[in-house]
Amino acid sequence: RKRYSMNTLSDKLLVWYNRNKRDLPWRHTSDPYAILVSEIMLQQTRVDTVISYYNRFLERFPTAASLAQAEEDEVLNLWKGLGYYSRARNLHKAAKVIAQEYQGNFPSVLDQVRKLPGVGDYTAGAIMSIAFRQPYPAVDGNVLRVIARIFGIEDDITTSEARKTITGIVRGMIPIEHAGDFTQTLMELGATVCTPSAPLCENCPVSGDCRAFLEQKTELLPVKQKKLKPQTQRFYALLLLDG
């Protein structure tokens, strides 16, 4: 079996991305605030739904400072229909932190970005790599699935150990000069080709290097512990009253 270095694998993925990436509005900016808005909106929401909301939101609040000055009711009204309103509240809070603690300048240090309300490891990594072109991994469900399949990882991806392993692999694959593009490459591959079921392996640029494809395990990987179905239980209680 022909083996490739991680750099060669990364190059193949980047070439594919540059030829096949979807034209999405947040891919036309390196503004960290705009990237934050897009990443928060994309949580639990389909891309085609987010596009119009993203454009309207940035038209009304083009900077963190303008969002920080807004009333919460206006922010929530503009968010209406996207659901998960805690995302909007956290985004509003993050804008206030940026305005008050960083004088309106988006922080460019990972730890500072990570501490913004509503920002987790994935969102912080996405902002650092896409906006600041720093080689930080952004690992979400798509990336966990893509890497688990390519490298044949059979550990349960819901565990912290598996996530740590995959994060380390991604970190080692990031081309320093193309950190942002590489982050979006893995996202794009997972969203459009390496899908949870019936992946389009014939369209994958690295199927020849993919352990899951070569070993016919694409439907078995990634390993993910199934959530137990809730069961209804009934109890009888006896209340004793004295007097």
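Bear in mind that the values here come from a model prediction, so they are computed numbers and not experimental data.

(A) Representation of the overall build of the chain within the structure. Along its length, the chain carries 12 helices and 0 strands. Along the chain, helices (α) and strands (β) appear in the sequence α-α-α-α-α-α-α-α-α-α-α-α when read from the amino end. For the chain, the spread of C-alpha atoms along the principal axes amounts to about 75 × 60 × 30 Å. Taking all 243 residues of the chain together, 44% fall into the buried category. Contacts in the chain between residues at least 24 apart in sequence constitute 62% of all its contacts with a sequence separation of at least 6. With the model as given, the accessible surface of the chain reaches about 14,300 Å², and the carbon-plus-sulfur share is 49%. Side chains of the chain give 31 positive and 26 negative charges; the mean places of these two sets differ by 4 Å.

(B) Inspection of the environment of Q44 at higher detail. Considering the arrangement of structural elements, one finds Q44 in the loop between α2 (32-42) and α3 (47-60). Spatially, the C-alpha atoms of Q44 and A88 are 13 Å apart, while their sequence positions differ by 44 residues.

(C) Representation of the packing of helix α9 (residues 141-150) against helix α11 (residues 179-192) within the structure. Where α9 meets α11, the closest approach of the two axes is 8 Å, and the angle between their N-to-C directions is 85°. As judged from the angle between their axes, α9 and α11 are roughly perpendicular. Contact residues: α9 offers N142, V143, R145, V146 and I147, while α11 offers L186, M187, L189, G190 and A191.

(D) Molecular detail of α9. Of all 10 residues in α9, 8 are buried; the element is thus mostly enclosed. For α9, the full list of buried residues reads V143, L144, R145, V146, I147, A148, R149 and I150. For α9, the N-terminal cap is D140; the gap from its side-chain oxygen to the backbone nitrogen of N142 is 3.2 Å.

(E) Spatial organisation of helix α6 (residues 86-101). Taking 1.5 Å per residue, 16 residues should reach 22 Å; α6 reaches 22 Å between its end C-alpha atoms and fits that length. Every buried residue belonging to α6 is among R87, A88, L91, H92, A94, A95 and I98, and all of these are buried. Looking down the long axis of α6, one finds its buried residues gathered within 160° of arc, a one-sided arrangement. In this structure, α6 carries Q100 and E101 as exposed residues pointing more than 90 degrees from its buried face. Those residues of α6 hidden inside the fold are in contact with α2, α3, α4 (64-68) and α5 (72-79). Residue Q103 follows α6 closely and has a positive phi angle near 55°.

(F) Expanded view of the nonpolar core. Core analysis: the largest hydrophobic core is formed by 41 residues, its most contacted members being Y33, M41 and F57. At the level of secondary structure, the elements contributing two or more residues to this core comprise α2, α3, α4, α5, α6 and α8 (121-130). Per-element accounting of this core gives the leading share, 7 residues, to α2. Not counting residues up to four positions away in its chain, the partners in contact with F57 are Y33, V37, M41, L67, V75, L78, W79 and L91. V170, M173, L186 and V193 belong to the second largest nonpolar core, which has 30 residues in total.

(G) Focus on the packing of α9 against helix α10 (residues 160-173). Two elements in contact, α9 and α10, have axes whose closest approach is 10 Å; the angle formed by their N-to-C orientations is 80°. By the angle class used here, α9 and α10 are roughly perpendicular. Contacts between α9 and α10 pair V143, L144, I147 and A148 from the former with R163, I166, I169, V170 and M173 from the latter. Of the residues assigned to the contact of α9 with α10, the class counts are 8 nonpolar, no polar and 1 charged.

(H) Unusual backbone geometry, seen in detail. The step from L221 to P222 runs through a cis peptide bond, and the omega angle for that step is 0°. Tracing the chain through its elements places P222 in the segment after α12 (211-214). A positive phi angle, near 65°, is found at Q44, a position not held by glycine. Given a relative accessible area of 66%, Q44 falls into the exposed group. With phi around 55°, R133 is a residue other than glycine that occupies positive phi space. Along the chain, the position of R133 falls in the loop between α8 and α9. Here R133 falls in the exposed class, since its relative accessible area comes to 56%.

Here is what the cut-offs are and how they apply
Residues numbered from 1 in each chain as written. Predicted model: local features only at pLDDT ≥ 70, side-chain atom pairs only at ≥ 80, totals over all residues. Heavy atoms only, no water. Helix = DSSP H or I, 4+ residues; strand = E, 2+ residues; numbered from the N terminus. Buried < 20%, exposed > 50% of the residue type's maximum accessible area, 1.4 Å probe, protein only. Contact = heavy atoms within 4.5 Å. Areas by Shrake-Rupley, 256 points an atom, 1.4 Å probe, with all protein chains shown as cover. Lys, Arg positive; Asp, Glu negative; His and termini not counted. Charge placed at Lys NZ, Arg CZ, Asp CG, Glu CD. Axes fitted to C-alpha atoms, helices over the stretch in contact; angles between N-to-C directions. Parallel < 35°, antiparallel > 145°, perpendicular 65-115°, else oblique. Polar contact = N/O pair within 3.5 Å; in protein donor to acceptor, adjacent residues only side chain to side chain. Expected span 1.5 Å × (residues − 1). Arc of directions from axis to C-beta. Core = buried A, V, L, I, M, F, W, Y, C linked by side-chain atoms within 4.5 Å. Nonpolar A, V, L, I, M, F, W, Y, C, P; charged D, E, K, R; others polar.

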